[in-house]
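# Structural characterization, general
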Amino acid sequence: MKDSKSTKLKKRIEQKNTKHSAFFAVLVAIAAICISPLFMLYSAKYDPISREEAATFSGEFESYKESNYSKYDSVLYFKDGHYFYVSLACESKEFIKSMKSLEKGTVLDILVNPNNDCIIEIKKDSDELLNFETAQKAIDSENNGYFIIGIICCVSGIGLIAITLLEHSHKKASRPSRRCA
């Protein structure tokens, strides 16, 4: 008699744990599905634009602050207080060297992506410090990863919900009926 009570208790605890794990799985799946558009939208913010869509700016160079962290862009400051970001994807050793060697007051002509304030071209007189096409490709390839992460989150969430529902329906079908004869 004691064995049957402990068996029933074990089954009850197992059913309760199964319900909690199914709830947690669905909760995680919903969170993944909800987060996925954020990654996709962030990625879209850095999509390449045409030269005509770019904002132009000309100003006197003040300073260049190179990023010390892999997640923050570097910043180009102008004497009039304007500043724009340079994506880490665009920073080659030659580019950083040329930016550090610029003298204050040098007039720079830049093109900026208005969607994200990132510089996509820098010219000094007739010298090109940052090429438009090269910058666009570098930024686009770096940010394609965010779009892929968004897709993976969404597909994983949908898959997790499907697996949880299948497990739940399989367990429900394999349970003996509680109906009285």
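To keep things clear, this report deals only with the structure shown in the data block.

Conventions adopted
- Residues numbered from 1 in each chain as written.
- Predicted model: local features only at pLDDT ≥ 70, side-chain atom pairs only at ≥ 80, totals over all residues.
- Heavy atoms only, no water.
- Buried < 20%, exposed > 50% of the residue type's maximum accessible area, 1.4 Å probe, protein only.
- Helix = DSSP H or I, 4+ residues; strand = E, 2+ residues; numbered from the N terminus.
- Pairing = 2+ DSSP bridges.
- Arc of directions from axis to C-beta.
- Contact = heavy atoms within 4.5 Å.
- Salt bridge = Lys/Arg side-chain N within 4 Å of Asp/Glu carboxyl O.

Here we take up the pairing of strand S3 (residues 83-86). Because side chains alternate across S3, one face comprises the buried residues Phe84 and Val86, and the other comprises Tyr83 and Tyr85, none of which is buried. Bridge count for strand S2 (residues 74-78) against S3 is 4 bridges, and the pairing is antiparallel. What sits directly across from Leu76, in S3, is Phe84. Joining the antiparallel neighbours S2 and S3 is a turn of 4 residues, in which Gly81 adopts a positive phi near 100 degrees.

Turning our eyes to something else, we now look at helix H2 (residues 93-100). Within H2, the full set of buried residues consists of Phe95, Ile96, Ser98 and Met99. For H2, the arc enclosing every buried residue in end-on projection is 165 degrees, short of the 170-degree limit, so these residues lie on one face. H2 presents Lys93, Glu94, Lys97 and Lys100 as exposed residues on the side facing more than 90 degrees away from its buried surface. Of the surrounding elements, those touching the buried residues of H2 are strand S1 (55-65), S2, S3, strand S5 (118-124) and strand S6 (127-130).

Attention shifts here to the pattern of salt bridges. Here the structure, examined in full by the defined rule, presents 5 salt bridges. When the shortest N-O distance is used, the salt bridge between Arg51 and Glu133 registers 4.0 Å. With Arg51 in the loop between helix H1 (2-45) and S1 and Glu133 in helix H3 (residues 132-174), the pair connects residues that are 82 residues apart, well separated along the chain. Owing to a relative accessible area of 36%, Arg51 belongs among the partly exposed residues under this scheme. Residue Glu133 is classed as partly exposed on the basis of its relative accessible area, which comes to 41%. The partner of Lys100 in a salt bridge is Glu66, with the nearest N and O atoms 2.9 Å apart. With Lys100 in helix H2 and Glu66 in the loop between S1 and S2, this pair connects stretches of sequence that are 34 residues apart.

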